Amino acid sequence: MSRSRFRTAALIIVLAACVFTAACTNLLEDSIEVITPHVSAPFERPPIEQISISNLEEFTELLLELIETHEADTTLRYQNFDNDDVQEEINRISSEIMENHPIAVYAVANISLTATRLVAYFEIEIEIEFKRSEEQVQSIITASTQRYMMTQLLEIMSRHEEEAVILTSLQLTREEIIERIIEIYYQNPRRIVMLPFVTVEMFPEEGDDRILEIRFGYTESSEMLRLYAGNLDMYVRQNAGRAVGDTDAEVLLSLVEILMASTVFNEAMAGTINMHGPPNFAATAFGALVRGSAVGEGFAMAFKALCDELRFESRVVLGYMGDTVHAWNIVALDGYYYHIDVAMCVVEGLEVAFLKTDADFEEFYEWDRENTQICNGPLTLYDIIKEEDPLNPEDPGGSAGEPTTGDGQTGDDTAGADMTGDGGGNTGEED
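Throughout what follows, the structure given in this document is the object of discussion. (Residues numbered from 1 in each chain as written. Predicted model: local features only at pLDDT ≥ 70, side-chain atom pairs only at ≥ 80, totals over all residues. Heavy atoms only, no water.)

Another point: helix H6 (residues 146-158). An α-helical segment advances 3.6 residues per turn. Residues three or four places apart therefore align on the same side. The terminal C-alpha atoms of H6, which comprises 13 residues, lie 18 Å apart, in line with the 18 Å expected from a rise of 1.5 Å per residue. Packed against the buried residues of H6 are strand S5 (141-143), strand S6 (163-168), helix H7 (174-187) and strand S8 (210-217). Just beyond H6, the residue with positive phi is His-160, at close to 55°. (Helix = DSSP H or I, 4+ residues; strand = E, 2+ residues; numbered from the N terminus. Expected span 1.5 Å × (residues − 1). Contact = heavy atoms within 4.5 Å.)

Have a look at this one:
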(Lines give C-alpha, C1' and ligand atoms only; values in the text may rest on other atoms or scores of the structure.)
Protein backbone atom coordinates (compact mmCIF):
# COMPACT_ATOMS: atom_id res chain seq x y z
CA MET A 1 0.00 0.00 0.00
CA SER A 2 1.29 3.47 -0.91
CA ARG A 3 1.97 6.02 1.79
CA SER A 4 -0.92 8.24 0.59
CA ARG A 5 -3.44 5.36 0.86
CA PHE A 6 -2.21 4.51 4.34
CA ARG A 7 -2.74 8.09 5.49
CA THR A 8 -6.21 8.10 3.98
CA ALA A 9 -7.16 4.85 5.81
CA ALA A 10 -5.81 6.18 9.10
CA LEU A 11 -7.78 9.39 8.71
CA ILE A 12 -10.97 7.43 8.09
CA ILE A 13 -10.40 5.35 11.26
CA VAL A 14 -9.79 8.48 13.36
CA LEU A 15 -12.93 10.16 12.01
CA ALA A 16 -15.01 7.01 12.77
CA ALA A 17 -13.68 6.90 16.29
CA CYS A 18 -14.60 10.53 16.85
CA VAL A 19 -18.15 9.96 15.59
CA PHE A 20 -18.59 6.91 17.93
CA THR A 21 -17.25 8.84 20.90
CA ALA A 22 -19.57 11.79 20.27
CA ALA A 23 -22.58 9.47 20.02
CA CYS A 24 -21.70 7.82 23.32
CA THR A 25 -21.27 11.24 24.97
CA ASN A 26 -24.68 12.39 23.76
CA LEU A 27 -26.27 9.14 25.01
CA LEU A 28 -24.85 9.63 28.51
CA GLU A 29 -25.77 13.34 28.59
CA ASP A 30 -29.46 12.51 27.77
CA SER A 31 -29.64 10.03 30.82
CA ILE A 32 -31.98 7.55 29.17
CA GLU A 33 -33.32 5.03 31.75
CA VAL A 34 -34.43 1.55 30.88
CA ILE A 35 -37.00 0.00 33.35
CA THR A 36 -37.36 -3.76 33.51
CA PRO A 37 -40.73 -5.01 34.94
CA HIS A 38 -40.45 -7.07 38.20
CA VAL A 39 -41.45 -10.67 37.83
CA SER A 40 -42.77 -12.17 41.09
CA ALA A 41 -41.29 -15.38 42.29
CA PRO A 42 -43.61 -18.39 42.43
CA PHE A 43 -45.86 -18.33 45.61
CA GLU A 44 -44.55 -20.43 48.46
CA ARG A 45 -46.74 -21.22 51.56
CA PRO A 46 -44.98 -20.14 54.73
CA PRO A 47 -43.99 -23.06 56.94
CA ILE A 48 -46.61 -24.16 59.51
CA GLU A 49 -45.57 -23.51 63.07
CA GLN A 50 -45.49 -27.00 64.48
CA ILE A 51 -45.42 -28.35 68.02
CA SER A 52 -42.94 -31.10 68.75
CA ILE A 53 -43.59 -34.01 71.09
CA SER A 54 -41.42 -37.01 71.90
CA ASN A 55 -43.81 -39.52 73.50
CA LEU A 56 -47.47 -40.52 73.66
CA GLU A 57 -47.97 -39.06 77.14
CA GLU A 58 -47.19 -35.64 75.72
CA PHE A 59 -49.60 -36.33 72.87
CA THR A 60 -52.38 -37.14 75.36
CA GLU A 61 -51.77 -33.95 77.33
CA LEU A 62 -51.70 -31.86 74.17
CA LEU A 63 -54.95 -33.36 72.85
CA LEU A 64 -56.72 -32.63 76.13
CA GLU A 65 -55.37 -29.09 76.13
CA LEU A 66 -56.66 -28.53 72.60
CA ILE A 67 -60.13 -29.72 73.66
CA GLU A 68 -60.22 -27.55 76.78
CA THR A 69 -59.12 -24.47 74.82
CA HIS A 70 -61.50 -25.27 71.93
CA GLU A 71 -58.74 -25.46 69.28
CA ALA A 72 -60.05 -27.20 66.15
CA ASP A 73 -56.97 -27.73 63.91
CA THR A 74 -53.33 -28.34 64.77
CA THR A 75 -50.27 -29.94 63.17
CA LEU A 76 -47.48 -31.37 65.29
CA ARG A 77 -44.22 -33.29 64.95
CA TYR A 78 -43.76 -36.59 66.72
CA GLN A 79 -40.04 -37.15 66.97
CA ASN A 80 -39.88 -40.78 67.98
CA PHE A 81 -38.32 -43.39 65.74
CA ASP A 82 -38.93 -46.43 67.96
CA ASN A 83 -42.61 -46.79 67.16
CA ASP A 84 -43.94 -47.52 63.67
CA ASP A 85 -47.57 -47.93 64.81
CA VAL A 86 -48.09 -44.24 65.52
CA GLN A 87 -51.45 -44.05 63.76
CA GLU A 88 -52.85 -46.97 65.75
CA GLU A 89 -51.58 -45.56 69.05
CA ILE A 90 -52.94 -42.04 68.61
CA ASN A 91 -56.30 -43.44 67.47
CA ARG A 92 -56.46 -45.55 70.64
CA ILE A 93 -55.70 -42.51 72.82
CA SER A 94 -58.31 -40.44 71.01
CA SER A 95 -60.99 -43.12 71.52
CA GLU A 96 -60.24 -43.38 75.24
CA ILE A 97 -60.49 -39.63 75.67
CA MET A 98 -63.76 -39.48 73.72
CA GLU A 99 -65.26 -42.19 75.92
CA ASN A 100 -63.96 -41.28 79.37
CA HIS A 101 -62.79 -37.68 79.69
CA PRO A 102 -65.75 -35.51 80.85
CA ILE A 103 -65.01 -32.40 78.77
CA ALA A 104 -64.39 -34.48 75.65
CA VAL A 105 -67.58 -36.49 76.15
CA TYR A 106 -69.49 -33.25 76.69
CA ALA A 107 -67.97 -31.02 74.02
CA VAL A 108 -66.46 -33.12 71.19
CA ALA A 109 -68.33 -34.76 68.31
CA ASN A 110 -65.33 -36.25 66.51
CA ILE A 111 -61.51 -36.26 66.45
CA SER A 112 -59.71 -36.94 63.16
CA LEU A 113 -55.98 -37.85 63.34
CA THR A 114 -53.58 -38.42 60.44
CA ALA A 115 -49.98 -39.51 61.04
CA THR A 116 -47.54 -39.21 58.11
CA ARG A 117 -43.98 -40.49 58.37
CA LEU A 118 -41.41 -38.12 56.93
CA VAL A 119 -37.63 -38.50 56.82
CA ALA A 120 -36.85 -37.43 60.37
CA TYR A 121 -40.21 -37.46 62.17
CA PHE A 122 -43.96 -38.17 62.02
CA GLU A 123 -46.26 -35.32 61.14
CA ILE A 124 -49.63 -35.60 62.92
CA GLU A 125 -52.59 -33.56 61.74
CA ILE A 126 -55.36 -33.08 64.32
CA GLU A 127 -58.90 -31.98 63.45
CA ILE A 128 -61.47 -31.68 66.24
CA GLU A 129 -65.17 -31.29 65.55
CA PHE A 130 -66.95 -29.69 68.52
CA LYS A 131 -70.63 -30.08 69.45
CA ARG A 132 -70.48 -27.33 72.06
CA SER A 133 -69.47 -23.72 71.53
CA GLU A 134 -66.26 -22.20 72.89
CA GLU A 135 -68.35 -20.10 75.28
CA GLN A 136 -70.00 -23.23 76.68
CA VAL A 137 -66.67 -24.97 77.20
CA GLN A 138 -65.14 -21.93 78.87
CA SER A 139 -68.14 -21.55 81.19
CA ILE A 140 -67.70 -24.97 82.82
CA ILE A 141 -67.60 -24.64 86.62
CA THR A 142 -65.39 -26.97 88.65
CA ALA A 143 -67.02 -27.92 91.97
CA SER A 144 -65.17 -30.27 94.32
CA THR A 145 -67.56 -29.86 97.27
CA GLN A 146 -71.32 -29.93 97.53
CA ARG A 147 -71.36 -26.61 99.37
CA TYR A 148 -69.53 -24.86 96.54
CA MET A 149 -71.80 -26.47 93.95
CA MET A 150 -74.89 -25.25 95.83
CA THR A 151 -73.44 -21.75 96.02
CA GLN A 152 -72.76 -21.69 92.27
CA LEU A 153 -76.23 -23.03 91.48
CA LEU A 154 -77.76 -20.30 93.65
CA GLU A 155 -75.88 -17.62 91.69
CA ILE A 156 -76.93 -19.10 88.34
CA MET A 157 -80.56 -19.53 89.42
CA SER A 158 -80.63 -16.00 90.86
CA ARG A 159 -79.71 -14.71 87.40
CA HIS A 160 -82.41 -16.98 85.94
CA GLU A 161 -79.96 -18.43 83.43
CA GLU A 162 -81.02 -21.34 81.29
CA GLU A 163 -78.02 -23.60 81.79
CA ALA A 164 -75.37 -24.61 84.32
CA VAL A 165 -72.42 -26.84 83.40
CA ILE A 166 -70.48 -28.26 86.34
CA LEU A 167 -67.42 -30.52 86.41
CA THR A 168 -67.42 -32.51 89.64
CA SER A 169 -66.35 -35.72 91.32
CA LEU A 170 -69.47 -35.72 93.52
CA GLN A 171 -71.39 -38.92 92.90
CA LEU A 172 -74.90 -37.53 92.78
CA THR A 173 -77.88 -39.00 90.95
CA ARG A 174 -80.18 -36.92 88.78
CA GLU A 175 -82.85 -37.11 91.46
CA GLU A 176 -80.45 -35.85 94.14
CA ILE A 177 -79.36 -32.93 91.97
CA ILE A 178 -82.96 -31.91 91.31
CA GLU A 179 -83.74 -32.20 95.03
CA ARG A 180 -80.89 -29.80 95.82
CA ILE A 181 -82.12 -27.33 93.21
CA ILE A 182 -85.59 -27.42 94.79
CA GLU A 183 -84.01 -26.83 98.22
CA ILE A 184 -82.17 -23.78 96.87
CA TYR A 185 -85.41 -22.39 95.47
CA TYR A 186 -87.42 -22.69 98.67
CA GLN A 187 -84.55 -21.30 100.74
CA ASN A 188 -84.27 -18.19 98.53
CA PRO A 189 -87.74 -16.94 97.54
CA ARG A 190 -86.50 -13.37 97.33
CA ARG A 191 -83.76 -14.09 94.79
CA ILE A 192 -85.40 -16.74 92.61
CA VAL A 193 -88.74 -15.64 91.18
CA MET A 194 -90.01 -19.01 89.98
CA LEU A 195 -89.05 -22.67 90.25
CA PRO A 196 -87.88 -23.80 86.79
CA PHE A 197 -88.39 -27.10 85.05
CA VAL A 198 -85.08 -28.97 85.48
CA THR A 199 -83.35 -31.58 83.31
CA VAL A 200 -79.94 -33.09 84.04
CA GLU A 201 -77.53 -34.77 81.63
CA MET A 202 -74.25 -36.41 82.69
CA PHE A 203 -71.03 -36.74 80.67
CA PRO A 204 -70.07 -39.55 80.95
CA GLU A 205 -72.90 -41.37 82.69
CA GLU A 206 -70.46 -43.08 85.07
CA GLY A 207 -66.97 -42.23 86.26
CA ASP A 208 -64.98 -40.54 88.99
CA ASP A 209 -65.33 -37.16 87.27
CA ARG A 210 -68.40 -36.08 85.32
CA ILE A 211 -69.86 -32.99 83.76
CA LEU A 212 -73.39 -32.15 84.84
CA GLU A 213 -75.34 -30.21 82.24
CA ILE A 214 -78.30 -28.74 84.10
CA ARG A 215 -80.95 -26.99 82.02
CA PHE A 216 -83.58 -24.68 83.48
CA GLY A 217 -86.88 -24.10 81.70
CA TYR A 218 -89.05 -21.10 82.51
CA THR A 219 -92.43 -19.89 81.36
CA GLU A 220 -90.97 -16.38 80.99
CA SER A 221 -87.71 -15.18 79.43
CA SER A 222 -84.62 -14.82 81.60
CA GLU A 223 -84.59 -11.07 80.94
CA MET A 224 -88.18 -10.68 82.13
CA LEU A 225 -87.57 -12.81 85.23
CA ARG A 226 -84.56 -10.67 86.16
CA LEU A 227 -86.82 -7.61 85.88
CA TYR A 228 -89.39 -9.31 88.12
CA ALA A 229 -86.65 -10.15 90.63
CA GLY A 230 -85.71 -6.49 90.87
CA ASN A 231 -89.33 -5.54 91.52
CA LEU A 232 -89.70 -8.28 94.10
CA ASP A 233 -86.59 -7.14 95.98
CA MET A 234 -88.00 -3.62 96.16
CA TYR A 235 -91.37 -4.85 97.51
CA VAL A 236 -89.65 -7.04 100.12
CA ARG A 237 -87.62 -4.09 101.43
CA GLN A 238 -90.61 -1.76 101.44
CA ASN A 239 -92.96 -4.15 103.25
CA ALA A 240 -90.37 -5.36 105.75
CA GLY A 241 -89.55 -1.73 106.48
CA ARG A 242 -93.13 -1.13 107.55
CA ALA A 243 -93.03 -3.76 110.30
CA VAL A 244 -93.29 -2.42 113.85
CA GLY A 245 -93.09 -3.86 117.34
CA ASP A 246 -91.18 -3.75 120.60
CA THR A 247 -90.51 -7.50 120.63
CA ASP A 248 -89.69 -10.08 117.98
CA ALA A 249 -93.13 -11.62 118.43
CA GLU A 250 -94.78 -8.25 117.77
CA VAL A 251 -92.65 -7.70 114.65
CA LEU A 252 -93.61 -11.15 113.31
CA LEU A 253 -97.27 -10.38 113.92
CA SER A 254 -96.81 -7.06 112.10
CA LEU A 255 -95.29 -8.85 109.08
CA VAL A 256 -98.26 -11.23 108.93
CA GLU A 257 -100.73 -8.33 109.11
CA ILE A 258 -98.90 -6.42 106.36
CA LEU A 259 -99.09 -9.47 104.08
CA MET A 260 -102.74 -10.06 104.97
CA ALA A 261 -103.61 -6.47 104.07
CA SER A 262 -101.82 -6.47 100.71
CA THR A 263 -102.57 -9.94 99.31
CA VAL A 264 -105.76 -11.88 98.62
CA PHE A 265 -106.03 -15.65 98.79
CA ASN A 266 -106.63 -16.99 95.26
CA GLU A 267 -109.09 -19.74 96.09
CA ALA A 268 -109.86 -20.59 92.47
CA MET A 269 -106.19 -21.09 91.66
CA ALA A 270 -105.63 -23.11 94.84
CA GLY A 271 -108.21 -25.62 93.66
CA THR A 272 -106.33 -26.26 90.40
CA ILE A 273 -102.79 -26.70 91.81
CA ASN A 274 -101.99 -30.32 92.59
CA MET A 275 -98.25 -30.16 93.18
CA HIS A 276 -95.64 -28.07 94.96
CA GLY A 277 -93.53 -25.62 92.99
CA PRO A 278 -95.83 -25.22 89.97
CA PRO A 279 -94.79 -22.68 87.31
CA ASN A 280 -97.50 -20.33 88.50
CA PHE A 281 -96.96 -16.87 89.93
CA ALA A 282 -99.70 -17.44 92.52
CA ALA A 283 -97.30 -19.90 94.20
CA THR A 284 -94.43 -17.41 94.40
CA ALA A 285 -93.33 -14.51 96.58
CA PHE A 286 -93.63 -12.33 93.47
CA GLY A 287 -97.28 -13.24 93.07
CA ALA A 288 -98.03 -12.48 96.71
CA LEU A 289 -96.04 -9.26 97.18
CA VAL A 290 -96.03 -7.68 93.73
CA ARG A 291 -99.25 -8.93 92.12
CA GLY A 292 -101.19 -9.18 95.37
CA SER A 293 -102.72 -12.61 94.72
CA ALA A 294 -101.45 -15.97 95.96
CA VAL A 295 -102.19 -19.50 97.10
CA GLY A 296 -100.76 -20.96 100.29
CA GLU A 297 -97.32 -21.54 98.81
CA GLY A 298 -97.12 -17.98 97.53
CA PHE A 299 -97.97 -16.62 100.98
CA ALA A 300 -95.35 -18.90 102.56
CA MET A 301 -92.66 -17.84 100.09
CA ALA A 302 -93.47 -14.16 100.61
CA PHE A 303 -93.45 -14.50 104.40
CA LYS A 304 -90.05 -16.21 104.33
CA ALA A 305 -88.71 -13.42 102.10
CA LEU A 306 -89.89 -10.84 104.64
CA CYS A 307 -88.45 -12.85 107.54
CA ASP A 308 -85.10 -13.13 105.72
CA GLU A 309 -84.99 -9.38 105.27
CA LEU A 310 -85.42 -8.86 109.03
CA ARG A 311 -83.13 -11.79 109.93
CA PHE A 312 -85.79 -14.03 111.42
CA GLU A 313 -85.04 -17.72 111.09
CA SER A 314 -87.76 -19.35 109.02
CA ARG A 315 -88.49 -22.04 106.49
CA VAL A 316 -91.19 -23.00 104.03
CA VAL A 317 -93.02 -26.22 104.94
CA LEU A 318 -94.47 -28.22 102.06
CA GLY A 319 -97.40 -30.43 102.92
CA TYR A 320 -101.16 -30.81 102.72
CA MET A 321 -104.17 -29.32 104.41
CA GLY A 322 -106.78 -32.00 104.15
CA ASP A 323 -106.51 -33.24 100.57
CA THR A 324 -105.24 -29.92 99.22
CA VAL A 325 -101.61 -29.17 98.38
CA HIS A 326 -100.53 -26.48 100.79
CA ALA A 327 -97.51 -24.68 102.23
CA TRP A 328 -96.85 -22.57 105.32
CA ASN A 329 -93.94 -21.50 107.55
CA ILE A 330 -92.07 -22.57 110.63
CA VAL A 331 -90.31 -19.75 112.51
CA ALA A 332 -87.91 -19.63 115.44
CA LEU A 333 -88.89 -17.28 118.25
CA ASP A 334 -87.20 -16.96 121.65
CA GLY A 335 -85.75 -20.45 121.47
CA TYR A 336 -88.92 -22.20 120.32
CA TYR A 337 -90.40 -23.14 116.95
CA TYR A 338 -93.91 -22.26 115.76
CA HIS A 339 -96.14 -22.81 112.75
CA ILE A 340 -97.49 -19.73 110.93
CA ASP A 341 -99.90 -20.16 108.01
CA VAL A 342 -100.47 -16.69 106.58
CA ALA A 343 -102.89 -17.91 103.92
CA MET A 344 -105.19 -19.38 106.56
CA CYS A 345 -104.80 -16.22 108.63
CA VAL A 346 -106.29 -14.40 105.61
CA VAL A 347 -109.11 -16.92 105.20
CA GLU A 348 -109.95 -17.83 108.81
CA GLY A 349 -108.26 -15.23 111.00
CA LEU A 350 -105.04 -14.82 112.98
CA GLU A 351 -106.21 -16.94 115.88
CA VAL A 352 -106.45 -20.01 113.63
CA ALA A 353 -102.94 -20.12 112.19
CA PHE A 354 -100.52 -17.73 113.95
CA LEU A 355 -97.90 -19.11 116.38
CA LYS A 356 -99.25 -22.66 116.45
CA THR A 357 -97.78 -25.90 117.79
CA ASP A 358 -97.62 -29.33 116.21
CA ALA A 359 -100.56 -30.33 118.38
CA ASP A 360 -102.57 -27.41 116.99
CA PHE A 361 -101.85 -28.40 113.38
CA GLU A 362 -101.80 -32.18 113.40
CA GLU A 363 -105.56 -32.62 113.00
CA PHE A 364 -105.88 -30.78 109.68
CA TYR A 365 -102.30 -30.54 108.38
CA GLU A 366 -99.91 -33.18 107.06
CA TRP A 367 -96.15 -32.64 106.66
CA ASP A 368 -92.80 -34.41 106.94
CA ARG A 369 -92.47 -34.27 110.70
CA GLU A 370 -89.27 -36.33 110.76
CA ASN A 371 -87.35 -33.64 108.89
CA THR A 372 -88.82 -30.55 110.50
CA GLN A 373 -88.32 -29.04 113.91
CA ILE A 374 -90.74 -29.77 116.72
CA CYS A 375 -93.08 -26.82 117.24
CA ASN A 376 -94.10 -26.65 120.89
CA GLY A 377 -93.62 -23.04 121.97
CA PRO A 378 -95.83 -21.61 124.74
CA LEU A 379 -96.48 -18.21 123.16
CA THR A 380 -99.85 -17.47 121.56
CA LEU A 381 -101.46 -14.63 119.65
CA TYR A 382 -103.23 -13.48 122.82
CA ASP A 383 -99.98 -13.14 124.71
CA ILE A 384 -98.92 -10.55 122.12
CA ILE A 385 -102.15 -8.61 121.79
CA LYS A 386 -102.74 -8.77 125.57
CA GLU A 387 -106.19 -10.22 125.25
CA GLU A 388 -107.79 -13.26 126.79
CA ASP A 389 -107.94 -16.40 124.69
CA PRO A 390 -111.68 -17.06 124.21
CA LEU A 391 -111.01 -20.79 123.83
CA ASN A 392 -108.95 -21.05 126.99
CA PRO A 393 -109.75 -18.17 129.35
CA GLU A 394 -108.07 -19.84 132.33
CA ASP A 395 -104.68 -20.16 130.61
CA PRO A 396 -104.37 -17.48 127.91
CA GLY A 397 -100.62 -17.80 127.58
CA GLY A 398 -100.42 -21.53 127.26
CA SER A 399 -98.13 -23.72 129.35
CA ALA A 400 -94.66 -22.25 129.28
CA GLY A 401 -91.76 -24.65 129.57
CA GLU A 402 -88.17 -25.08 128.54
CA PRO A 403 -87.52 -24.30 124.86
CA THR A 404 -86.72 -27.35 122.76
CA THR A 405 -84.54 -28.02 119.77
CA GLY A 406 -85.74 -29.64 116.57
CA ASP A 407 -85.07 -33.13 117.96
CA GLY A 408 -87.07 -32.51 121.12
CA GLN A 409 -84.08 -31.78 123.35
CA THR A 410 -84.30 -28.89 125.77
CA GLY A 411 -82.03 -25.89 125.56
CA ASP A 412 -81.85 -22.11 125.52
CA ASP A 413 -79.77 -21.55 122.39
CA THR A 414 -81.97 -22.90 119.63
CA ALA A 415 -83.05 -19.64 117.98
CA GLY A 416 -80.28 -19.92 115.44
CA ALA A 417 -80.66 -23.65 114.84
CA ASP A 418 -80.72 -25.24 111.40
CA MET A 419 -84.07 -24.96 109.67
CA THR A 420 -83.39 -27.21 106.69
CA GLY A 421 -84.37 -30.39 108.49
CA ASP A 422 -81.32 -32.29 107.23
CA GLY A 423 -78.70 -30.91 109.60
CA GLY A 424 -76.82 -29.37 106.72
CA GLY A 425 -77.61 -25.72 107.40
CA ASN A 426 -79.18 -23.29 105.00
CA THR A 427 -76.59 -24.07 102.31
CA GLY A 428 -76.34 -21.49 99.58
CA GLU A 429 -78.59 -18.95 101.27
CA GLU A 430 -77.22 -15.46 101.72
CA ASP A 431 -78.45 -12.95 104.26
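After that view, the rundown keeps rolling.
Note on soluble globular proteins: their nonpolar side chains tend to be buried together. By size, the foremost hydrophobic cluster in this structure holds 85 residues, and its most contacted members are Leu-153, Ile-214, Phe-216, Phe-303 and Phe-354. Discounting residues that sit within four places of it in the chain, Phe-216 has contacts with Leu-153, Ile-156, Met-157, Glu-161, Glu-162, Glu-163, Ala-164, Ile-181, Pro-196, Phe-197 and Val-198. Judged by nonpolar contacts, the second largest core, of 34 residues, contains Leu-63, Leu-64, Ile-111 and Leu-113. (Core = buried A, V, L, I, M, F, W, Y, C linked by side-chain atoms within 4.5 Å. Buried < 20%, exposed > 50% of the residue type's maximum accessible area, 1.4 Å probe, protein only.)

Two elements in contact, H6 and H7, have axes whose closest approach is 10 Å; the angle formed by their N-to-C orientations is 60°. As the angle between them shows, H6 and H7 are arranged oblique. As H6 packs across H7, the resulting crossing turns out to be right-handed. Contact residues: Gln-146, Met-150, Leu-153, Leu-154 and Met-157 in H6; Arg-180, Ile-181, Glu-183, Ile-184 and Tyr-185 in H7. Split into classes, the residues belonging to the contact of H6 with H7 amount to seven nonpolar, one polar and two charged. (Axes fitted to C-alpha atoms, helices over the stretch in contact; angles between N-to-C directions. Parallel < 35°, antiparallel > 145°, perpendicular 65-115°, else oblique. Left-handed = near helix turned anticlockwise from the far one by under 90°. Nonpolar A, V, L, I, M, F, W, Y, C, P; charged D, E, K, R; others polar.)

Within the secondary structure, Gly-287 sits in helix H11 (residues 285-291). Accessibility expressed as a relative area gives 1% for Gly-287, which makes it buried. Counting along the chain gives 94 residues from Gly-287 to Val-193, while the straight-line C-alpha distance between them is 9.1 Å. Residues within four places of Gly-287 in sequence aside, it is in contact with Phe-281, Gly-292 and Ser-293.

What follows covers the sheet that holds strand S13 (residues 336-340). The strand order across the open sheet formed by four strands is S13-S12-S11-S14, and the pairing between neighbours is antiparallel. Lying at the two open borders of the sheet, with one neighbouring strand each, are S13 and strand S14 (365-367). Direction aside, the axes of adjacent strands within the sheet are offset by 40° on average. Relative to S14, strand S11 (residues 314-321) runs antiparallel, the two being bridged by three bridges. (Pairing = 2+ DSSP bridges.)

Inspection of the entire model under this criterion finds ten aromatic pairs. Between Tyr-185 and Tyr-186, the aromatic rings sit 4.9 Å apart at their centres with planes inclined by 70°, giving edge-to-face as the arrangement. As far as the burial class goes, Tyr-185 and Tyr-186 line up, both buried. Judged by centre distance (3.9 Å) and plane angle (5°), the rings of Phe-361 and Tyr-365 are stacked. Taken as a pair, Phe-361 and Tyr-365 share a single burial class, namely buried. (Phe/Tyr/Trp six-rings, centres within 6.5 Å; stacked < 30°, edge-to-face > 60°.)

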